[in-house]
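Understanding the architecture of this molecule
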Amino acid sequence: LLPESFAEGSDGVFFRDKIGNPMYNSCDKEKALELWETAKSELGVDSITFELLYDVSTVTEEMCAFLKSEWEETLPGITIELSQTTYNNRLELMGKHDFEIGFTRWYADYQDPLTYLDMFISTSQMNYGQYSSAEYDALYQQVVGELALDEDARITAMAEMEKIILGDAAILPLYQLSACVLQ
């Protein structure tokens, strides 16, 4: 969830370098297929259609077309209907929780892991998927409360928050925005 080279600590070490890189960029299509077949069996269906909401931009259009292709190729019986709209309309629909799968992005407001992690507390207006975890919320309260001045304990708690949300698959991080410049 949290990008590389972000949130430098008082020791000059970035958050990701301190805690490692959990679950990023790993893909196990066989495990995905196994879980997919289990889900279909439990639901008593052979196929499911999802709508993937995204806004107009070259990057999001290409990413969503790629996701559709990968999911439909890897998971027999899944159909992804692409739904492109304007940026403002996507925000409105996601804010009203009127979507099935939403493609969105976030740029850090400030150099602290909470700029990403606080979006997923159960009371956050940015929690478009309405994710809820008592354990996650409790860790958040500790991070902004009793651990606020203990940098090491705070980092440990935020790493656990990231582990929880990724383990629950409440969000699927796809890429980290970067730039290439020539001087």
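Residues numbered from 1 in each chain as written. Predicted model: local features only at pLDDT ≥ 70, side-chain atom pairs only at ≥ 80, totals over all residues. Heavy atoms only, no water.

**So, the pattern of salt bridges**
Applied cut-off: Every case where a carboxyl oxygen of Asp or Glu lies within 4 Å of a side-chain nitrogen of Lys or Arg is listed as a salt bridge. Per the convention used, a helix needs a DSSP run of H or I reaching at least four residues, while a strand needs a run of E reaching at least two, with both numbered from the N terminus. Exposed residues in this analysis have more than 50% of their type's maximum accessible area, buried residues have under 20%, and partly exposed residues fall in between, with area computed by a 1.4 Å probe over protein chains only.
Tallying each qualifying case throughout the model produces eleven salt bridges. Close ionic contact of Lys40 with Glu37 constitutes a salt bridge, the shortest N to O distance being 3.4 Å. Here Glu37 and Lys40 lie together in helix H2 (residues 29-43), a separation of three residues that amounts to about one turn. When its relative accessible area of 8% is taken as the criterion, Lys40 is described as buried. Taking the shortest distance from any N to any O, the salt bridge between Glu72 and Lys68 comes out at 2.8 Å. Highlighted residues: Glu72 and Lys68, both in helix H3 (residues 58-74), separated by four residues, approximately one helical turn. Each of Asp11, Lys18 and Glu151 takes part in one network of salt bridges that share partners.

**Description of helix H6 (residues 134-144)**
Put simply, the test is: Arc, as used here, means the arc of the directions from the helix axis to the C-beta atoms.
Every buried residue of H6 is accounted for by Tyr136, Asp137, Leu139, Tyr140 and Val143. Each buried residue of H6 lies within a common arc of 160° when the element is viewed along its axis, so the set occupies one face. Opposite the buried face of H6, at more than 90 degrees from it, the exposed residues are Ala134 and Gln141.

**Focus on the nonpolar core**
This is how the line gets drawn: For the purposes of this section, nonpolar cores are sets of buried Ala, Val, Leu, Ile, Met, Phe, Trp, Tyr and Cys residues that join through side-chain atoms within 4.5 Å. Two residues form a contact once any of their heavy atoms are found within 4.5 Å.
Judged by nonpolar contacts, the single largest core of 25 residues is most densely connected at Leu117, Tyr136, Met158 and Met161. Listing elements by their share of this core, those giving two or more residues are helix H5 (114-117), H6 and helix H7 (151-167). Of the residues forming this core, the biggest block, eight residues, is contributed by H7. Those residues within four positions of Met158 in sequence are excluded, and the remaining contacts are Phe15, Asp112, Pro113, Leu114, Leu117 and Val143.

**Re the packing of H6 against H7**
Defined as follows: To obtain an axis, a line is fitted to C-alpha atoms, over the contacting stretch when the element is a helix, and the angle between two such axes runs from 0 to 180 degrees between their N-to-C directions. To sort the angles, those under 35 degrees are grouped as roughly parallel, those over 145 as roughly antiparallel, those from 65 to 115 as roughly perpendicular, and the leftovers as oblique. A clockwise turn of the near helix away from the far one marks a right-handed crossing, whereas an anticlockwise turn of less than a right angle marks a left-handed crossing.
Across the interface, H6 lies against H7 with an axial gap of 9 Å and an inter-helix angle of 160°. Compared by their axis directions, H6 and H7 come out roughly antiparallel. Taken as a pair, H6 and H7 cross one another with a handedness that is left-handed. In this structure, H6 uses Glu135, Tyr136, Leu139, Tyr140 and Val143 to contact H7, whose residues at the interface are Arg154, Ala157, Met158, Glu160, Met161, Ile164 and Ile165.

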